[in-house]
Amino acid sequence: MYLWLPLILNILILLILSRMNVEETNEKIKKEREVPDSYAW
C-alpha cells in the first residue's frame, strides 16, 4: 500500500503537467496560423 500511493500520485502529476504543456503548444500553433476562435469546435 505504501508503494502504490506515491506511484499513483506521480502518474497524476505527470498527466497534469503533460496537459499543461500541450495547451501551451496549442496556443502557439493557433497564434502562428492566426485562426479565429469562431472556427474552433
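Everything discussed here concerns the structure shown above.
These notes cover the structure that comes with them. Being a predicted model, the structure only gives us computed values, none of them experimental. (Residues numbered from 1 in each chain as written. Predicted model: local features only at pLDDT ≥ 70, side-chain atom pairs only at ≥ 80, totals over all residues. Heavy atoms only, no water.)

Another aspect to go through is the overall build of the protein. Secondary structure assignment for the protein yields one helix and zero strands. Summing over all exposed atoms, the protein offers an accessible surface of approximately 4700 Å²; the carbon and sulfur share of this is 65%. (Helix = DSSP H or I, 4+ residues; strand = E, 2+ residues; numbered from the N terminus. Areas by Shrake-Rupley, 256 points an atom, 1.4 Å probe, with all protein chains shown as cover.)

Moving on, we come to helix 1 (residues 4-33). Compared with an ideal rise of 1.5 Å per residue, which puts 30 residues at 44 Å, helix 1 spans 44 Å between its outermost C-alpha atoms and is within 8% of the ideal. Two residues or fewer after helix 1 comes Glu-34, characterised by a positive phi angle close to 55 degrees. (Expected span 1.5 Å × (residues − 1).)

Our focus in this paragraph is a nonpolar patch on the surface. A cluster of nonpolar residues, Trp-4, Leu-5, Leu-7, Ile-8, Leu-9, Ile-11, Leu-12 and Leu-15, forms a patch on the protein surface that exposes about 800 Å² of accessible area. In this fold, Leu-7 is placed in helix 1. What makes Leu-7 partly exposed here is its relative accessible area of 40%. (Patch = residues over 30% accessible without salt bridge, like charges linked within 9 Å, V, L, I, M, F, W, Y side chains within 5 Å. Salt bridge = Lys/Arg side-chain N within 4 Å of Asp/Glu carboxyl O. Buried < 20%, exposed > 50% of the residue type's maximum accessible area, 1.4 Å probe, protein only.)

None of the figures reported here should be taken as evidence of function without further support.
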